[in-house]
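# Chain and residue survey
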Amino acid sequence: MSEGIVFAVITISDTCHEDATKDRSGPRLVQLISENFENPRILKEILPDEKELIKQKLLQLSSPEVSTACILTTGGTGFAARDVTPEATKEVLDKECPQLAMAIGMHSLQKTKFAALSRSVCGIAGKTLIINFPGSEKAVVECFDYIKDLLPHALHLINNDLALVRKTHEKLQGSSVAQSPTPHVCPHKTGKGDGVDRNSPYPMLPVNEALNLILQTVKTQETLPNLLKNFKSPVDIPPFRASIKDGYAMKSSGFSGSKKVIGYISAGDSIISDDFEEDECYKINTGAPVPLKADCVVQVEDTKLLKTKKNGQEDLVEILVEPKKDLDIRPLGCDLSKNSPLFPSVDLSPVVVKSLMASVGHAVPLHKPLVAVISTGSELLDPQDYPIEGKIYDSNTTMLRQLLQYFGFECFVTKVLSDDFEEVSETLSSIYDEVDFVICSGGVSMGDKDFIKPVLQKLGFQLLVGRVNMKPGKPMTFAAKGDKYFFGLPGNPVSAFVCFHLFALPAVRWCSGWTQEKCMLPVVQVILENQSVPLDPRPEYMRATITSRNGQLYASITGNQMSSRLQSIVGADVLVHLPARTETKTEAKAGDILPASVLRYDFITKYE
Ligand SMILES: Nc1nc2c(c(=O)[nH]1)N[C@H]1C(S)=C(S)[C@@H](COP(=O)(O)OP(=O)(O)OC[C@H]3O[C@@H](n4cnc5c(N)ncnc54)[C@H](O)[C@@H]3O)O[C@H]1N2
Ligand code: MOO
Ligand SMILES: [Mg+2]
């Protein structure tokens, strides 16, 4: 039962509008809602069969100000001349839900063939679900009973309430399916999900939704970011007044003109505290400690050597500029003062963390998640093996290991497994003793040897992502069990490549404590160079080479983009995001400006 949902029940009937006591279906619906939902708010209306009035009422109830979650109408759906409920409803809908209307219709048809005479529609207006029920009390009871379990999930989806949607998915996809007395099929799934099903039971999530689920699930490390945030520098930098130039340290109260050189100070020497005269100076190097009694340095270019001692050392120099107080001296702690925060913001780049810590004489152990790379496939040959008929060389293991390394993470364990349920199951049940993440490739699609998802289910993992609306990478899988995480990248090498960058890398970075914005690859705007690129029904991520021309980035697609053709990563500087095909837009054209994820640091191949 879901709590506090705002419902509206509208009886649509000329008769009931004239005499409300004749309305039996409306009150019955109110009763059914109250019995099946916790503390619902139910708005009640009776309207005549007038299209405009019905439409206005639906618009008002579905407006953001009223924000009714669900409007159930009863009546006016038949063949009579004044039955106009479906027509009025259609005019306010943003999206029709014909499957829901069909399901209700099919259910009713099992009770009576007269259900064929109902023209009910269902759909979504703004964030309101509108469902037409027929007028009879009996039909209302049957239809409501049929949809009542679907309603909460449908409403969560409409409101993009990810946590609640996820809860339902877990219920449906986890062991509770078997235990549930009335298991039902999720409306946006296409099958029952057992081994013999020909349709994937996993909802095809949009890329962003899949990524959000992943980042909501993976626990971020707080210890290191907090430690860095609170870390106070134990030293001053510089720890003494340091010379900025190679030159002469002196007193500014003196004068320009000739001065006697009374000593040499190099970087690393100790600090001279003795007093000296205004017509004296020390020769000093950049970074060396300025004598306590000196207050300025004059660079060597502004001096002239007048006299040298017999031993070759300088004796007398002429100072050609007026010495000014503080000239060319870095005061104590001017770069970083003792007890001030070492990290002005959290930046977990190892280069940053390690070098700043080193600069104050400290070190921190950077905790990085332990990652295993697994490739599955009975066809896989080690790249060092002789070719064997029917087998192919395994490129994913090397690619995923190299990618981890490129982004500063280590692959702790590597395994290559055959498409064998027991082997995969045994490996996965023991490997998490050693690692936090498994990045696996292969075996996630629809084949009878694609065992990854069943193994995860057997091992008690929550399958949070089972399919993603993207090309390549549709069967991308993400599962979690406590703080152990599994990525099932599709076996096609390019699908694995793209999914690593878009999902696995952000998750591993997030787990290491990176700020969320930094976890994803940077996105830049690029100008398409190819004349015409046909759009796919799925949003597509195409590899492309970048040329910089007059400060603008031009993307040229790297040939055939088939997900098995690993060659398409050659020269791939970015992944260009191409939108899904629509009726009106079927291709991308030269000059189109598109977002693109940057794949590598050296992402500009040519400057023109
Ligand atoms: N009936 C359906 N079939 C497929 C669907 C579908 O929706 N319905 N999805 C297709 C898509 S999209 C992809 S992507 C692949 C994903 O396949 P799997 O993750 O199950 O991977 P496999 O079947 O094991 O392998 C696919 C392909 O990739 C080659 N491969 C696998 N591992 C490696 C490796 N380590 N190195 C090099 N190449 C590898 C493998 O030999 C296959 O050719 O499924 C489609 N099928
Ligand atoms: O989407 Mo698959 O990932 O075509 O190769
Ligand atoms: Mg397969």
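Residues numbered from 1 in each chain as written. Chains lettered and ligands numbered in written order. Predicted model: local features only at pLDDT ≥ 70, side-chain atom pairs only at ≥ 80, totals over all residues. Heavy atoms only, no water.

Going by what an unreviewed UniProt entry lists, the chain is known as Molybdenum cofactor synthesis protein cinnamon and is assigned to Musca domestica. According to UniProt, the comment filed for the chain under the heading Function (unreviewed entry) is "Catalyzes two steps in the biosynthesis of the molybdenum cofactor. In the first step, molybdopterin is adenylated. Subsequently, molybdate is inserted into adenylated molybdopterin and AMP is released." Under the UniProt heading Cofactor (unreviewed entry), the note attached to the chain is "Mg(2+)". (UniProt positions renumbered as here; feature names shortened; annotations may be inferred.)

A separate point is the site of ligand 1. For ligand 1, the set of nearby residues contains 22 residues, the closest of which are Glu379, Asp394, Ser445, Lys474 and Gly491. Asp394 is positioned with one of its side-chain polar atoms (N or O) 2.8 Å from a nitrogen atom of ligand 1. Between ligand 1 and Val444 there is a distance of 3.1 Å, counted from an oxygen atom to a backbone nitrogen or oxygen. When ligand 1 is considered free in solution it has 870 Å² of accessible area, and contact with the protein chains removes 70% of it. Contributing elements (two or more residues each) for the shell around ligand 1: strand E16 (371-376), strand E18 (392-393) and helix H16 (493-511). Partitioned by chemical class, the residues of the shell around ligand 1 number eight nonpolar, ten polar and four charged. (Near = heavy atom within 4 Å. Polar contact = N/O pair within 3.5 Å; in protein donor to acceptor, adjacent residues only side chain to side chain. Areas by Shrake-Rupley, 256 points an atom, 1.4 Å probe, with all protein chains shown as cover. Helix = DSSP H or I, 4+ residues; strand = E, 2+ residues; numbered from the N terminus. Nonpolar A, V, L, I, M, F, W, Y, C, P; charged D, E, K, R; others polar.)

Another aspect to go through is unusual backbone geometry. The omega angle of the peptide bond from Ile237 to Pro238 is -5°, so this bond is cis rather than trans. As for its placement among the helices and strands, Pro238 is situated in the loop between helix H11 (223-230) and strand E8 (242-243). One non-glycine residue, Asp328, lies in the positive phi region at around 55°. Taking the relative accessible area as the measure of exposure, Asp328 reaches 17% and is therefore buried. (Buried < 20%, exposed > 50% of the residue type's maximum accessible area, 1.4 Å probe, protein only.)

Next up on the list: the site of ligand 2. Around ligand 2 sit Pro472, Gly473, Lys474, Asn492, Ser495, Arg538 and Ser563, and those are all the residues in its vicinity. One nitrogen or oxygen atom from the main chain of Lys474 is found 3.3 Å from an oxygen atom belonging to ligand 2. With respect to ligand 2, the side chain of Ser563 contributes an N or O atom lying 2.4 Å from an oxygen atom. Looking at side-chain class alone, the shell around ligand 2 contains one nonpolar, four polar and two charged residues.

Let us now look at the pattern of salt bridges. Counted by the stated rule, this structure contains 28 salt bridges. For Lys51, the salt bridge goes to Glu91, with nearest N and O atoms at 2.7 Å. With Lys51 in helix H3 (residues 51-62) and Glu91 in helix H4 (residues 85-92), the pair connects residues that are 40 residues apart, well separated along the chain. A residue is classified by how much of its surface remains accessible, and Lys51, at 30% relative accessible area, is partly exposed. A salt bridge links Arg119 to Glu87; the shortest N-O distance between them is 2.7 Å. Placement of the pair is Arg119 in the loop between helix H5 (98-111) and strand E5 (122-125) and Glu87 in helix H4, with a sequence separation of 32 residues. (Salt bridge = Lys/Arg side-chain N within 4 Å of Asp/Glu carboxyl O.)

For the rest of this paragraph, the subject is the packing of H5 against helix H6 (residues 137-147). Viewed as axis vectors pointing N to C, H5 and H6 meet at an angle of 130°, and their least axial separation amounts to 10 Å. The pairing of H5 with H6 is recorded here as oblique in orientation. Where H5 crosses over H6, the handedness of that crossing is right-handed. When H5 is examined against H6, the residues Leu100, Ala103, Ile104, His107, Ser108 and Lys111 are found in contact with a partner set consisting of Glu142, Cys143, Tyr146 and Ile147. Taken together, the residues that form the contact of H5 with H6 break down as six nonpolar, two polar and two charged. (Axes fitted to C-alpha atoms, helices over the stretch in contact; angles between N-to-C directions. Parallel < 35°, antiparallel > 145°, perpendicular 65-115°, else oblique. Left-handed = near helix turned anticlockwise from the far one by under 90°. Contact = heavy atoms within 4.5 Å.)

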